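Examining the three-dimensional arrangement
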Amino acid sequence: LVGYSQKTTKSDVDGWVLQLDLEGNKLFEAMPKSSSGQDEELWDVEINHKGELLAVGKQTVDKTDRAWAVQIGNGKIVSDYLLGNALIGEAKSLTAATDGNFVVIGNTSPKNRTHFEDIWVMKVDHTGNDQWGGARYLGDNGFQKAGDITPSALDGGFAIVGTTNSKSEGMTDMWLVKMDEQGEIAWNTTYGGHAADVGNSVVELSGGGYALFGHTWSYMPRAKNAILNLILTDPRGRELESEIIII
């Protein structure tokens, strides 16, 4: 488990890591932080087939969010490092690739005028070495926000879910992007109605399709708040069925 911890409202925010065994017993707990006293948060963790653990999130450096990674091994924090340059921005999620590396996604820094409000994708090893020769960027001239990434067992690629208004019929749409193992876009599609729709999570189904989870305002005014939204697709992203859950 990963997250962040703050002892008091005036203290620094530190990353938080908790490792449990299969029965829920605590193996170790740590709060990794930078030596420079910056704020850090961890948002996702993944293990590869070699047993290597990598957690990602953000470190705030001079009021700018940077992609931060923490290497975990043998019940301790091995190292931590920043991914990419200052324009990359925060890391949101990651998944393990079949070759033992990790594919990380995040959101570009507001200071990045070339790729403003885009989703970025990087492939790294567990020590942070770039495997693709730089980040891939997803987005047009509008707003994009990363949600989640899952591996595709059928072809070794990846599926990314997020949110965009670049292709939207409504305010924003849930966005599914399929990438091959080299990080090239194979196809992408959006889902949504007349208002705002947001993509938060994606998993591959046993038949090769995807289950997407997010929330929507496109069914208002049936609920005062956003409505949870589950969408099932075929392997090409074509919607098969969906269900909304009013909260």
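Rules used in this analysis
- Residues numbered from 1 in each chain as written.
- Predicted model: local features only at pLDDT ≥ 70, side-chain atom pairs only at ≥ 80, totals over all residues.
- Heavy atoms only, no water.
- Helix = DSSP H or I, 4+ residues; strand = E, 2+ residues; numbered from the N terminus.
- Contact = heavy atoms within 4.5 Å.
- Areas by Shrake-Rupley, 256 points an atom, 1.4 Å probe, with all protein chains shown as cover.
- Buried < 20%, exposed > 50% of the residue type's maximum accessible area, 1.4 Å probe, protein only.
- Polar contact = N/O pair within 3.5 Å; in protein donor to acceptor, adjacent residues only side chain to side chain.
- Pairing = 2+ DSSP bridges.
- Axes fitted to C-alpha atoms, helices over the stretch in contact; angles between N-to-C directions.
- Core = buried A, V, L, I, M, F, W, Y, C linked by side-chain atoms within 4.5 Å.

**Some remarks on the overall build of the chain**
For the chain, the helix and strand inventory stands at zero helices and 19 strands. Principal axes of the C-alpha set define a box for the chain whose edges measure 45 × 45 × 40 Å. Long-range contacts, defined as pairs at least 24 residues apart, comprise 40% of the intrachain contacts of the chain with a sequence gap of at least 6. For the chain, the accessible surface area stands at approximately 12300 Å², while carbon and sulfur atoms represent 49% of it.

**Brief notes about the side chain of Ser218**
Summarising the element assignment, Ser218 is placed in the loop between strand S17 (210-216) and strand S18 (227-233). The exposure class of Ser218 is buried, given its relative accessible area of 11%. There is a polar contact of 3.2 Å between the side chain of Ser218 and the backbone nitrogen of Ala195. Engagement of the side chain of Ser218 in a polar contact is seen with the side chain of Asp197, the distance being 2.7 Å.

**A closer look at the environment of Asp148**
Summarising the element assignment, Asp148 is placed in strand S12 (residues 144-151). A C-alpha to C-alpha distance of 11 Å links Asp148 and Ala91, two positions 57 residues apart in sequence. The residues contacting Asp148, other than those within four sequence positions of it, are Ser93, Ile105, Ala159, Ile160, Val161, Asn200, Ser201 and Val202. Within polar-contact distance, the side chain of Asp148 engages the side chain of Ser93 at 3.0 Å.

**What about the sheet that holds S17?**
Spatially, S16-S17-S18-S19 is the arrangement adopted by the four strands of the open sheet, whose pairing is antiparallel. Edge positions in the sheet fall to strand S16 (197-204) and strand S19 (239-245), since each has one partner strand and no second. The sheet shows a mean angle of 20° between the axes of neighbouring strands, taken without regard to direction. Strand direction decides the pairing type here: S16 and S17, joined by seven bridges, are antiparallel. Paired with Glu204 across the two strands is Tyr210, which belongs to S17.

**With respect to the environment of Gly193**
Of note, Gly193 is situated in the loop between strand S15 (185-191) and S16. Considering only alpha carbons, one finds Gly193 and Trp175, 18 residues apart in sequence, at a separation of 13 Å.

**Examining the environment of Ala153**
Along the chain, Ala153 falls in the loop between S12 and strand S13 (158-164). For Ala153, a relative accessible area of 71% translates into the label exposed. Distance from Ala153 to Leu205, taken between C-alpha atoms, is 9.7 Å for residues 52 residues apart in sequence.

**A closer look at the sheet that holds strand S9 (residues 102-107)**
Spatially, four strands are ordered S8-S9-S10-S11 in an open sheet, and the strand pairing comes out antiparallel. Looking along the sheet, the strands with just one partner apiece sit at the ends: strand S8 (91-96) and strand S11 (136-138). With strand direction ignored, the average angle separating the axes of adjacent strands in the sheet is 20°.

**Re the nonpolar core**
Leu54, Leu83, Val104, Trp120 and Val124 are the most contacted members of the largest nonpolar core, which totals 15 residues. Those elements giving two or more residues to this core turn out to be strand S5 (53-61), strand S6 (64-73), S8, S9 and strand S10 (119-124). Counting residues in each nonpolar core, the second largest holds 14 residues, with Ile105, Val121, Ile160 and Val177 among its members.

Geometric descriptors of this kind do not, in isolation, establish any biological role.
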